[in-house]
Amino acid sequence: MALLKNFWKAIFSNESDEQFLKIIHIVERLVSKILSIALLIVIAVALFDLIYLLGKDISAKDPAGFYNRSIIELFGLFLNILIALELLENITAYLKKNIIHVELVIVTALIAVSRKIIIFDFAKQNSQDMIAISIGIFALSISYCLIKNMKIKQ
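Procedures and definitions
- Residues numbered from 1 in each chain as written.
- Predicted model: local features only at pLDDT ≥ 70, side-chain atom pairs only at ≥ 80, totals over all residues.
- Heavy atoms only, no water.
- Core = buried A, V, L, I, M, F, W, Y, C linked by side-chain atoms within 4.5 Å.
- Buried < 20%, exposed > 50% of the residue type's maximum accessible area, 1.4 Å probe, protein only.
- Helix = DSSP H or I, 4+ residues; strand = E, 2+ residues; numbered from the N terminus.
- Contact = heavy atoms within 4.5 Å.
- Axes fitted to C-alpha atoms, helices over the stretch in contact; angles between N-to-C directions.
- Parallel < 35°, antiparallel > 145°, perpendicular 65-115°, else oblique.
- Left-handed = near helix turned anticlockwise from the far one by under 90°.
- Nonpolar A, V, L, I, M, F, W, Y, C, P; charged D, E, K, R; others polar.
- Patch = residues over 30% accessible without salt bridge, like charges linked within 9 Å, V, L, I, M, F, W, Y side chains within 5 Å.
- Areas by Shrake-Rupley, 256 points an atom, 1.4 Å probe, with all protein chains shown as cover.
- Salt bridge = Lys/Arg side-chain N within 4 Å of Asp/Glu carboxyl O.
- Polar contact = N/O pair within 3.5 Å; in protein donor to acceptor, adjacent residues only side chain to side chain.
- Expected span 1.5 Å × (residues − 1).

(A) Representation of the nonpolar core in the model. Within the largest apolar cluster, 10 residues are counted, these being Leu 39, Ile 43, Leu 50, Leu 54, Leu 74, Ile 81, Ala 84, Leu 88, Ile 91 and Leu 95. At the level of secondary structure, the elements contributing two or more residues to this core comprise helix 2 (18-58) and helix 3 (71-97). Of the residues forming this core, the biggest block, six residues, is contributed by helix 3. Contact partners of Leu 88, with chain neighbours within four places excluded, come to Ser 36, Leu 39, Leu 40 and Ile 43. Among the nonpolar cores identified, the runner-up in size contains five residues, and Leu 110, Ile 137, Leu 140 and Ile 147 belong to it.

Below, the structure is given as structure tokens:
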């Protein structure tokens, strides 16, 4: 309650903006921590779901067995968890250094777009979708190379 009172006081006072910025920083860190906890829950549920599906497919008495579920679907589930871990890494890096690591964000985006290509269903989508995804990967790859080259030169 005191935080909220100080927040409103900082907004409407003509004093220094230091108090206002301090409150904003506290709120940012609180939101980051809540996002981290929520993401941990999502990762745990996704991991449990993946293990359950794998166990169900492996123990199936159907002659097709493991291949009841498309292997591509399973790769998609693995990559979902990997993307969530990368997002968690982004949040953790932000909490540690209070800056957003652009390289991590681009790597996460590359993984997400790569996942889209891996699970791409040619029967349901057209070639224009694949071209758009390819352009996105190309742009992200160039961005990643530029950032890596800047790091090497520093």
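(B) Highlighting the packing of helix 2 against helix 3. For the pair helix 2 and helix 3, interaxial distance at closest approach is 9 Å and the crossing angle is 160°. It follows that helix 2 is roughly antiparallel to helix 3 by the angle criterion. Crossing of helix 2 over helix 3 shows left-handed handedness. A class-by-class count of the residues in the contact of helix 2 with helix 3 yields 20 nonpolar, two polar and three charged.

(C) Structural detail: a nonpolar patch on the surface. Among the surface-exposed residues, Ile 71, Ile 72, Phe 75, Phe 78 and Ile 118 lie close enough to one another that they form a single nonpolar patch of about 410 Å² accessible area. The leading source of residues in the nonpolar patch is helix 3, at four residues.

(D) Representation of the side chain of Arg 115. Within the secondary structure, Arg 115 is located in helix 4 (residues 102-118). Of note is the side chain of Arg 115, whose polar atom sits 2.5 Å from the side chain of Asn 80. Non-local contacts of Arg 115, meaning those with residues more than four positions away in its chain, are made with Gly 76, Leu 79, Asn 80 and Ile 83.

(E) Region of interest: helix 2. With 41 residues, helix 2 should reach 60 Å at 1.5 Å per residue; the first-to-last C-alpha distance of 59 Å fits that figure. Among all positions of helix 2, only Ile 23, Ser 32, Ser 36, Leu 39, Ile 43, Leu 50, Leu 53, Leu 54 and Asp 57 are buried.

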